[in-house]
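# Descriptive structure summary
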Amino acid sequence: MSADCRFNAHMFAVLLAVVLAVPADAQDSATSDESGIEYRLLGPVNGGRASRVVGIPGDPLIYYLSTAAGGVWKSSNGGMSWESVFDDQPVSSIGSVALASGNPNIVYVGSGEANIRGNVGEGNGIYRSLDAGKSWDHVWTAEGQIGTIVVNPQNDDEIFAAVLGSPFGAGSERGVYRSTDGGDSWERVLFVDADTGASDVAFNESNPNILFAGMWQTRRYPWDMVSGGPGSGLYMSRDGGDTWKKLEGNGLPEGIWGKVGVRVAASDPDRVYALIEAKDGGLFRSDDGGDSWEHISDSAGLKQRAWYYTTLTIDPINADVVWFPQVRMLKTIDGGKSVLAVKKGGWDHHDVWIDPTNTKRIAEASDAGVALSLDGGETWELARIPLGQFYHLSVDTRTPYRVMGSLQDFGTRAGPSNSLHSGGIYLGDWAPVGGGEAGFVVADPDDPNIVYAGEYLGYLSRYDERTGQAPHIGIYPDNGSGHGAEDLRHRFQWTAPIMISPHDSKLVYHASNYLQRTRDGGQTWDIISPDLTRNDKSKQKWAGGPITGDNTGVEFYGTIFSIAESPLEKGVLWTGSDDGLVHVSRDDGENWKDVTPFFAPKWATVVTIEASRFDAGTAYAVFDAHRLDDETPSYMENQ
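As the structure is a prediction and not an experimental result, all values here were calculated from the model.

Analysis parameters
- Sequence positions are assigned chain by chain, starting from 1 and proceeding in written order.
- Only residues with pLDDT of at least 70 are given local features in this predicted model, and only at 80 or more are side-chain atom pairs given and counted; all residues enter the totals for whole chains, interfaces and linings.
- Excluding hydrogens and water, the side-chain figures rest on all heavy atoms present in the structure.
- In DSSP terms, a helix is any run of H or I states spanning at least four residues, a strand is any run of E spanning at least two, and both are numbered starting from the N terminus.
- Each radius of gyration reported is based on C-alpha atoms, and the globular scaling rule is 2.2 Å times the count of residues to the power 0.38.
- Here's how the labels work: a residue is buried when its accessible area is under 20% of the maximum for its type, exposed when over 50%, partly exposed in between, all with a 1.4 Å probe on protein chains only.
- Contact between two residues is taken to exist if any of their heavy atoms lie within 4.5 Å; hydrogens are not considered.
- In this description, accessible areas are obtained by the Shrake-Rupley approach with a 1.4 Å probe, and a residue is regarded as covered only by the protein chains that are shown.
- Throughout this description, the term salt bridge denotes a Lys or Arg side-chain nitrogen within 4 Å of a carboxyl oxygen of Asp or Glu.
- Here, a strand pair is defined by DSSP locating no fewer than two bridges between the strands.
- Axes, fitted as lines to C-alpha atoms, cover a helix only where it is in contact. Angles between the N-to-C directions of the axes lie from 0 to 180 degrees.
- Space inside and on the surface of the protein is sampled on a 1 Å grid over the protein atoms alone, with a cavity defined as a set of points where a 1.4 Å probe fits but cannot get out and a pocket as an open set with protein on both sides within 12 Å along at least 5 of 7 lines; lining residues have an atom within 4 Å of a point.
- Grid points are joined across faces, edges and corners, and a volume is the space filled by probe spheres set on the points.
- Any residue that is not Ala, Val, Leu, Ile, Met, Phe, Trp, Tyr, Cys, Pro, Asp, Glu, Lys or Arg is counted as polar, Gly included; the first ten are nonpolar and the last four charged.
- Among buried residues, those of type Ala, Val, Leu, Ile, Met, Phe, Trp, Tyr and Cys that are joined through side-chain atoms within 4.5 Å constitute a nonpolar core.

### Side note on the overall build of the protein
Scanning the protein from terminus to terminus reveals 1 helix and 46 strands. What you see for the protein is a C-alpha radius of gyration of 25 Å, in line with the 26 Å of a compact globule of 639 residues. Residues counted as buried form 60% of the 639 residues belonging to the protein. At a minimum sequence separation of 6, the contacts of the protein that also span at least 24 residues come to 53%. Surface accessibility of the protein: about 25200 Å² in total, with carbon and sulfur atoms responsible for 48%.

The following block contains the structure:
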């Protein structure tokens, strides 16, 4: 029996709830009134991934920040404190933010972080505020990512948006869009094809009829990251965006391109810089307004992980000074001839904004959040904003209980659910408990001083709060980064599951493509299953290309993604794989049966398995196919 319920929901995943072997008398659903539930902030208030930052020229108090998963934030006191101004909107992944030059109370937001990690959240279009972030209008609707919005410096009614589109599939909404009525309506003015979106757009501020745009052919798969193709290129318009010309030759690289970033110097309209992902890519400079180009730098620091970076900011009064947010903060002071690392406020940098009235005042957005400098970047103040992206949460058995999990870019954290401090829960109340930035974090229910914490590439630690030590105890000590997964004995997901048996706290499970467990704190391990995935070798290759590789483990596929054990009967074990399989063992791992529902989407990720608390033979599974460009929310039931 199955039922399919379609509805309009702001979701980026297919949520396919499957009830496996459920008896008829267990299917009654209970309803609850959650209208009275209120959330309170526990923390940690220590930053998180941010995509863009902008301030008001000449006003040292006001800043706006767009974040990867936390909406839009504003500071009205020079960065001393920040408030969320976007919580009432139905999307939290934000790729860009821009202010109107003539009226900075007008704010434009492009949703969908355009630094397309495998766990990126999709956006749903463009928003506008006419009252400095107090209220918002959803002025343009489309699925996908928007990495850049720019407002004509001489005409607040003209706005351009670089729409990348969905990272997970083809789409007809990609390209460069223009509004000539202050955002009320939008028209697409540059389109290449359904596989190519816009990575950047920039004005010549001295003559806003001249624009440049970068086009980027890219695609995310659960097992691969493709950046580059015949659709990528650099385009120029001389008539305000009505027509565009693809720039080729004249010093630009030959062959296939990937991501493109471009800017025009405000102090010298003939100076144009372009960061181009290509075989012979890097930094290119034009001194004649884009007619001819020089390959000014092939610095490796400018080219690494091009899909995640490839942005630049030119000093407003000195065309030779350019900032390059990258893994490290990079900068040139001689027009690109030399590129050096400089002091920074965070890490994994994505954007730099410089006040044109005072170039010592700089703001930068990074995976650490937002940092501000008042001395040209010599010193930075990193803002404390609760933007942390937890992969998974768990609680321990203390009183008050601790909440713990792994945070992207910050490692593991554990903090109290309540506090006797007069100021509530402090940042200092949160502390690392081993592991790393990805994975599960689970405390021993009988001894909460012991915490098992994961990290990508199969890293697993056992933290003991009494000693402060957290040695690696995982089954597979090899580092699988830098190549595909097909030659690895154990393929671990970026967030490989960890589970402590509800029947025996000394029994700890960890999963790769096999399910393994330890009874002695990780000193020895037993593999208790065959490969419980589809094990398609074509989806375990070196990831990236056709220009730049990217093999950090996030694309490892054909792995166990979720595990559960019946709380009613020891040894009834369930697994769900990232390639769409569900298995069960009823004899403590001796034998396994494939119980994948025939109607489940093939290759979808089984993100959660939950064993029933009422029937040992029942489990619930959630399938997620959004990374396959399948976003139809459905509810299915099988017995």
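### Description of the pattern of salt bridges
Scanning the entire structure with this criterion turns up 27 salt bridges. With a closest N to O distance of 3.7 Å, Arg 128 and Asp 137 form a salt bridge. On the basis of relative accessibility, which here comes to 38%, the residue Asp 137 falls in the partly exposed class. For Arg 466, the salt bridge is made with Asp 447, and the minimal N-O distance between the two is 2.8 Å. You can see Arg 466 sitting in the loop between β35 (460-464) and β36 (498-500) and its partner Asp 447 sitting in the loop between β33 (441-443) and β34 (450-454), a full 19 residues away along the chain. On the basis of relative accessibility, which here comes to 51%, the residue Arg 466 falls in the exposed class. Among the charged side chains, a salt-bridge network with shared partners connects Arg 271, Arg 285, Asp 287 and Asp 320.

### Overview of the pairing of strand β20 (residues 282-286)
Counted residue by residue, β20 has 5 buried out of 5 residues, so it is predominantly covered. Summarising the sheet, strand β19 (residues 272-278) and β20 pair through 5 bridges and their orientation is antiparallel. Within β20, the position partnered with Ile 276 by the bridge is Gly 282. Linking β19 to β20, which pair antiparallel, is a turn of 3 residues.

### Examining the sheet that holds β19
Read across the sheet, 4 strands follow the order β18-β19-β20-β21 without closing on themselves; strand pairing throughout is antiparallel. In the strand order of this sheet, the two ends are held by β18 (257-264) and β21 (294-297), each with one partner. Each neighbouring strand pair of the sheet contributes to a mean axis angle of 30°, computed without reference to strand direction.

### Some points on the layout of surface pockets
Where empty space is left becomes clear once a probe the size of a water molecule has been rolled over the atoms. A volume near 1000 Å³ is recorded for the second largest pocket. Lining the second largest pocket are 36 residues, and of these Val 54, Val 150, Glu 205, Arg 263 and Trp 353 lie nearest its centre. Put simply, the parts of the chain that give the lining of the second largest pocket at least two residues each are β2 (50-56), β6 (94-99), β9 (137-151), β13 (196-203), β18, β22 (313-314) and β26 (349-354). Residue composition of the lining of the second largest pocket, grouped by class: 26 nonpolar, 5 polar and 5 charged.

### Concerning the nonpolar core
One finds Tyr 64, Leu 65, Trp 82, Phe 86, Val 109, Val 370 and Ile 385 to be the most contacted residues of the largest nonpolar core, which totals 30 residues. Among the elements of the structure, β2, β3 (59-67), β4 (72-75), β6, β7 (107-111), β27 (362-366) and β28 (369-373) are those that each provide at least two residues to this core. Setting aside its immediate chain neighbours within four residues, Ile 385 contacts Val 45, Asn 46, Gly 47, Leu 65, Trp 73, Trp 82 and Val 370. Counting 17 residues, the second largest nonpolar core, distinct from the first, contains Ile 210, Leu 234, Leu 247 and Ala 274.

### Here we look at the sheet that holds strand β12 (residues 187-190)
Taking strand neighbours across the sheet as the criterion, the 7 strands line up as β6-β7-β8-β9-β10-β11-β12 in an open arrangement whose pairing is antiparallel. Both outer strands of the open sheet, β6 and β12, are each paired with one neighbouring strand and no more. Along the sheet, successive strands turn relative to each other by an average axial angle of 40°, direction set aside. Where strand β10 (residues 159-165) lies against strand β11 (residues 175-179), 5 bridges are found, and the strand directions are antiparallel. Within the sheet, the bridge partner assigned to Phe 160 lies in β11 and is Arg 178.

### Some remarks on unusual backbone geometry
Look at the link from Gly 43 to Pro 44: it is a cis peptide, with omega at -5°. With respect to the helices and strands, Pro 44 occurs in the loop between β1 (16-20) and β2. Each neighbour pair has its own omega, and for Thr 399 with Pro 400 the value is -10°, a cis peptide bond. In this fold, Pro 400 is placed in the loop between β30 (390-395) and β31 (402-407). Its identity is not glycine, yet Arg 305 carries a phi of approximately 45°, on the positive side. Mapped onto the elements, Arg 305 comes out in the loop between α1 (300-303) and β22. At Asp 409, a residue that is not glycine, the phi angle is positive and equals roughly 75°. Here Asp 409 shows up in the loop between β31 and β32 (411-416). Looking at Asp 409, the relative accessible area reads 15%, which means it is buried.

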